[in-house]
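Below, each chain spelled out in residue letters.
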Amino acid sequence: MRHIISVLMENEPGALSRVVGLFSQRNFNIESLTVAPTEDATLSRLTVTTIGNDRVVEQITKQLNKLIDVVKVVDLSEGEHIEREVMMIKLKASGQMRAEIKRTCDIFRGQIIDVTPTTYTVQLVGASDKLDAFINALGSASIMEVVRSGVCGIARGEKVLSL
Amino acid sequence: MVVRALKDEGVKYIYGYPGGSLLHVYDALFQQEDVQHVLVRHEQAATHMADAYARATGKAGVALVTSGPGATNAITGIATAFTDSIPMVVITGQVMSHLIGEDAFQETDMLGISRPVVKHNFSVQRPEDIPTIVRKAFHIAESGRPGPVVIDIPKDMTTPTERYPYEYPKQVKMRSYTPITRGHSGQIKKATDLLLNAKRPVIYTGGGVILGGASDELTELSRLLNFPVTNTLMGLGGFPGTDRQFIGMLGMHGSYEANMAMHHADLILAVGARFDDRVTNATDKFCPTAKIIHIDIDPASISKTVQADIPIVGPAKVVLEEMIQLVKGSKKQPDADALSAWWQQIDEWRQRHGGRYRTDDSELMKPQQVIEMLSKVTNGDAFVTSDVGQHQMFAAQYYKFNKPNRWINSGGLGTMGFGLPAAMGVKMNFPDADVACVTGEGSIQMNIQELSTCKQYDLPVKILCLNNQSLGMVRQWQDMNYESRHSQSYMKSLPDFIKLVEAYGHVGMKVDKYADLEGAMREAFALKDRLVFMDIAVDPFEHVYPMQVPRGSMRDMWLSKTERT
């Protein structure tokens, strides 16, 4: 099963490499990973999506908790949560395709953020499966480049991950 | 600042080897007498010495090595300590800050290289941080589940002409690191109820009992309950080896009775042990009828390989103490009838195969006889260090450890070359104690250069080299699994060890006959102020038994070359 694990950690040099290293060292898998400082500049928030059974995910959270730089760990998938990912996708857009892409883009509530006579660059925000669906809807022929941010997530309601 | 911080931490000895990036620190060492530096011949030995000091005392040992090759040579020792959860602080020199990343002379990314084998590592970015980092390093190394900590110090952080305010913090607080100090009372209560209802219980304890200083509590609880106790390789000495309730080591080369008892148990109380693959054999066949209570200070050790029914996260000493109080205060008594039947069964197992080996199938001395003699000559009271291989297993099986912290071996990583430097680290800190290094002619050659360090610092350890002219454990596996194709498991042209140790200024003894063994060993230990190297010829064809059958359950064992359970 896919899990979204959020980690609050010290914003220090080397902290990220400890987390990433742990995953490869213990043979855990990383689907996506994002990291950035929080409103408190001494803390970073890292979100990693991984696939594994309950035992593996339990080990992942326990091992993450053991890292000295890690302050808190939560498996967001255990409760109600919201996940988002940003994608920018550069498409060949000429002739009839220009209108077609624009329509698909509107349906998915994407925004065209850069235009040339032969290309569109589309920005799309949503859960990962929505981004996948958009790519599928386009058909691969027109795609020139895809860049995705990786998932970030937050719990619904009053639950927070903080000190 | 580095040396001053070590002094304020109460460090007496550090083990190391100088180099360019550490010259400022070595100059500071020269100008004081509180922290004494021990110069080894290879950095790996420095880490093993520091490690062995920690194993014998429970306090973090300290090693000091230079950047580049000095640091990488230390890695094996750091990994050895990490796998066995040994507290250690390793200070590594680094090139000047402005050169980092430029492939400077003797530069390696020590933070990166050491990361998977340390509990934590630090890089000093500002000289004024040194005292706090040193205090944090010791705090992290010694608390919770202990482990090695590396401090990487660029040369320009120790420039003697630059002065900074110095204050050594008594305590450090870290929001991201708060080791647990006691177990969950509800869980402990539930566990105690299970203990009092058990019919076929086994107490299975590991290195956590030694590291957590919980031997007395373990012994008291076991006696109160009259339960059998088995130790892992790392846990030997946690419970007295000569006690009737002790059923030996368990696992791959565990005793017949310990492995049988585990397999048939209805309740297992695991304390400070991590259900590692050398203990459990195939986990899906492990102890099919047992409920498992698992006490460990590291939550990640619980239910990692074998699911625990009652997990208890906490320090062994505190949790066991709480259990003792509950058992004492309980109206319910352990089930005496069931236990008596259980003991009868265990004694029967013990009768059938308990620790026997054949002495009549060859003229040659058996390695087991040597260890039994060592146990006899030292009254089971010596510090025994070992290298890795058959001799290590024989030492674990046949030396009766009655006290904790006396058995010092590389259990998890299995590091050949550990034994001699480890013996040196112990002897340096316990000059009046008997310290024996049990080794083989393969392992000893991995750090034999330290005989020179022994001379320089007058470290009269006793080295028992069980010489079977082959890498015995490799050979055993080749005999059992590869139709005796002895690929690279024997060494031609072994040195004349007697001449070699004499060249280093020590005493050598050659023993070929069992009849000479006791006399020679007594003579060796009587030479209080000399290092004695005993080159003991043992049967090269001997195997270590019992040996669990691969992918089997605990009770599936080879008991000799021809007998199987």
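Bear in mind that the values here come from a model prediction, so they are computed numbers and not experimental data. (Residues numbered from 1 in each chain as written. Chains lettered and ligands numbered in written order. Predicted model: local features only at pLDDT ≥ 70, side-chain atom pairs only at ≥ 80, totals over all residues. Heavy atoms only, no water.)

Undergrad: If you had to explain the overall build of chain A to someone new, which residues and values would you point to?
TA: Along chain A, the regular secondary structure elements total four helices and nine strands. In chain A, the succession of helices and strands from N to C terminus is β-α-β-β-α-β-β-α-β-β-α-β-β. For chain A, the spread of C-alpha atoms along the three principal axes comes to 55 × 35 × 35 Å. When the 163 residues of chain A are sorted by exposure, 42% land in the buried category. Sequence-distant contacts in chain A: of pairs separated by 6 or more residues, those separated by 24 or more amount to 72%. (Helix = DSSP H or I, 4+ residues; strand = E, 2+ residues; numbered from the N terminus. Buried < 20%, exposed > 50% of the residue type's maximum accessible area, 1.4 Å probe, protein only. Contact = heavy atoms within 4.5 Å.)

Undergrad: Describe in detail the domain arrangement of chain A, supporting the description with residues and values.
TA: All names here are of chain A. Examined at the domain level, chain A breaks down into domain 1 (2-79) and domain 2 (82-152). Between domain 1 and domain 2, the contact holds seven residues from the first and six residues from the second. Buried area between domain 1 and domain 2, summed over both chains or domains, comes out near 460 Å², and the portion from carbon and sulfur atoms is 55%. In this structure, the connection of domain 1 to domain 2 is made through one salt bridge. For the salt bridge of Glu83 with Arg2, the shortest nitrogen-to-oxygen distance reads 3.1 Å. At the boundary of domain 1 and domain 2, one finds four residue pairs in polar contact (both at pLDDT 80 or more). At the level of secondary structure, the elements contributing two or more residues to the side of domain 1 that touches domain 2 comprise strand S1 (2-10), strand S2 (32-37) and strand S3 (43-51). With three residues, the single largest contributor to the side of domain 1 that touches domain 2 is S2. (Domains from an automatic or database assignment. Buried area = accessible area lost by both parts, 1.4 Å probe. Salt bridge = Lys/Arg side-chain N within 4 Å of Asp/Glu carboxyl O. Polar contact = N/O pair within 3.5 Å; in protein donor to acceptor, adjacent residues only side chain to side chain.)

Undergrad: Which residues make up the state of the cysteines, and what values go with them?
TA: Residues and elements named next belong to chain B. Counted by the stated rule, this structure contains zero disulfides over all chains. We note that Cys454 lacks a disulfide partner, and the nearest cysteine sulfur, in Cys437, lies 9.3 Å from it. In this model Cys465 remains outside any disulfide bridge; the closest cysteine sulfur is found in Cys437, 8.7 Å from its own. The class of Cys465 is buried, set by a relative accessible area of 0%. (Disulfide = S-S within 2.5 Å.)

Undergrad: So, the pairing of strand S3 (residues 61-65) of chain B: which residues are in play, and what are the values?
TA: Sheet faces and side chains relate simply in a regular strand, where the side chains alternate between the two faces. All names here are of chain B. For S3, the tally of buried residues reaches five of five residues, placing the bulk of the element in the interior. With burial as the criterion, each face of S3 is covered, one bearing Gly61, Ala63 and Val65 and the other bearing Val62 and Leu64. Relative to S3, strand S1 (residues 13-17) runs parallel, the two being bridged by three bridges. Residue pairing in the sheet places Tyr15 in a bridge with Ala63 of S3. Sheet topology places S3 next to strand S4 (residues 88-94); five bridges connect them, and they run parallel. Bridging across to S4, Val65 finds its partner in Thr92. For the handedness criterion, the β-α-β arrangement of S3, helix H4 (residues 69-83) and S4 is classed as right-handed. (Pairing = 2+ DSSP bridges. Right-handed = clockwise from strand over helix to strand, strands pointing away.)

Undergrad: So what's going on with the interface of chain A and chain B? Which residues, and what values?
TA: Contacts between chain A and chain B engage 21 residues on the former and 20 residues on the latter. Between chain A and chain B the total buried area reaches about 1600 Å² when both faces are included, carbon and sulfur atoms providing 46% of it. Its largest share of buried area at the contact with chain B, chain A owes to Arg18(A), Arg55(A) and Ile68(A), together 39% of the area lost on that side. Here chain A and chain B share two salt bridges between them. For Arg175(B), the salt bridge is made with Glu10(A), and the minimal N-O distance between the two is 2.7 Å. In this structure, the connection of chain A to chain B is made through eleven residue pairs in polar contact (both at pLDDT 80 or more). Secondary-structure elements contributing two or more residues to the side of chain A that touches chain B are helix H1 (15-25), helix H2 (54-66) and strand S4 (70-75) of chain A. A total of six residues in the side of chain A that touches chain B trace back to one element, the largest contributor, which is H2(A). Residues of the side of chain A that touches chain B, tallied by class, amount to seven nonpolar, six polar and eight charged. (Nonpolar A, V, L, I, M, F, W, Y, C, P; charged D, E, K, R; others polar.)

Undergrad: Go over the pattern of salt bridges with me, naming the residues and quoting the values.
TA: Summed over all chains, the structure comprises 32 salt bridges over all chains. For Asp434(B), the salt bridge goes to Lys528(B), with nearest N and O atoms at 3.4 Å. On the criterion of sequence distance, the pair formed by Asp434(B) in the loop between helix H16 (419-429) and strand S15 (435-440) and Lys528(B) in the loop between helix H20 (514-526) and strand S18 (532-537) is long-range, its members being 94 residues apart. Asp434(B) gets classed as partly exposed once you look at its relative accessible area, which sits at 26%. Taken together, the shared-partner salt bridges in this structure form one network comprising Lys66(A), Arg145(B) and Asp298(B).

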